[in-house]
Amino acid sequence: MKRLFVEKKPGFRTEAESVLRDIQESLHIAGLAGLRILRRYDIEGLSDAALAQARNTIFSEPPVDDIIDDALPIAGDET
């Protein structure tokens with residue numbers, strides 16, 4: 001199984017910004033400074049060649065999305 005995470009690039013994160021504002025205002029959590037929305041795709045049964053083609057046509061839009069393969073990096077994680 002292969003795993004992809006897809007996140008909008010800065011400037012295209014309108015959904016995350018909207019959810020952040022909603023949380024800040026509705027739940028009165030003014031100290032919340034940021035929010036990320038990532039789509040996770042678990043893929044089975046595709047060859048490496050098919051996945052390479054699908055990652056930039058089906059799973060993401062290269063001009064507006066960043067793709068992270070396999071492991072999700074955590075802020076501050078040095079490993």
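Visitor: What is the right way to read the pairing of strand 1 (residues 2-8) from this model?
Guide: The two faces of the sheet receive side chains in turn, since in a regular strand these alternate between them. Note that strand 1 and strand 2 (residues 38-43) share six bridges and pair antiparallel. The residue of strand 2 that forms the bridge with Leu4 is Tyr41. Alignment of strand 1 against strand 3 (residues 65-69), held across five bridges, turns out to be antiparallel. Within strand 3, the residue paired with Glu7 across the bridge is Asp66.

Visitor: Could you clarify how one ought to interpret the pattern of salt bridges in this entry?
Guide: A side chain of one charge can pair with a side chain of the opposite charge when the charged atoms of the two come close. In total, this model carries eight salt bridges according to the counting rule given. Taking the shortest distance from any N to any O, the salt bridge between Arg36 and Glu7 comes out at 2.9 Å. In this pair, Arg36 sits in the loop between helix 1 (14-26) and strand 2 while Glu7 sits in strand 1, placing the two residues 29 residues apart along the sequence. According to the relative accessible area criterion, Arg36 is partly exposed, its value standing at 45%. Looking at Glu7, the relative accessible area reads 7%, which means it is buried. Each of the salt bridges in this network shares a partner with another, and the network as a whole consists of Arg3, Arg40 and Asp42.

Visitor: What should I look at first to understand helix 1 in this one?
Guide: Note on helix geometry: an α-helix contains 3.6 residues per turn, so any two residues three or four positions apart are oriented the same way. Between its terminal C-alpha atoms helix 1 stretches 18 Å, which fits the 18 Å expected from 13 residues at 1.5 Å a residue. His28 sits one or two positions beyond helix 1 and adopts a positive phi of about 55 degrees.

Visitor: Could you clarify how one ought to interpret the sheet that holds strand 3 in this entry?
Guide: In a beta sheet, neighbouring strands pair by backbone hydrogen bonds and run either parallel or antiparallel. Taken in spatial order, the three strands make up an open sheet running 2-1-3, and their pairing is antiparallel. Edge positions in the sheet fall to strand 2 and strand 3, since each has one partner strand and no second. Direction aside, the axes of adjacent strands within the sheet are offset by 25 degrees on average. Together, strand 1, strand 2 and strand 3 form the strand contacts of helix 2 (residues 48-55), whose direction differs from that of strand 1 by roughly 10 degrees.

Definitions and cut-offs
Residues numbered from 1 in each chain as written. Predicted model: local features only at pLDDT ≥ 70, side-chain atom pairs only at ≥ 80, totals over all residues. Heavy atoms only, no water. Pairing = 2+ DSSP bridges. Helix = DSSP H or I, 4+ residues; strand = E, 2+ residues; numbered from the N terminus. Salt bridge = Lys/Arg side-chain N within 4 Å of Asp/Glu carboxyl O. Buried < 20%, exposed > 50% of the residue type's maximum accessible area, 1.4 Å probe, protein only. Expected span 1.5 Å × (residues − 1). Axes fitted to C-alpha atoms, helices over the stretch in contact; angles between N-to-C directions. Contact = heavy atoms within 4.5 Å.

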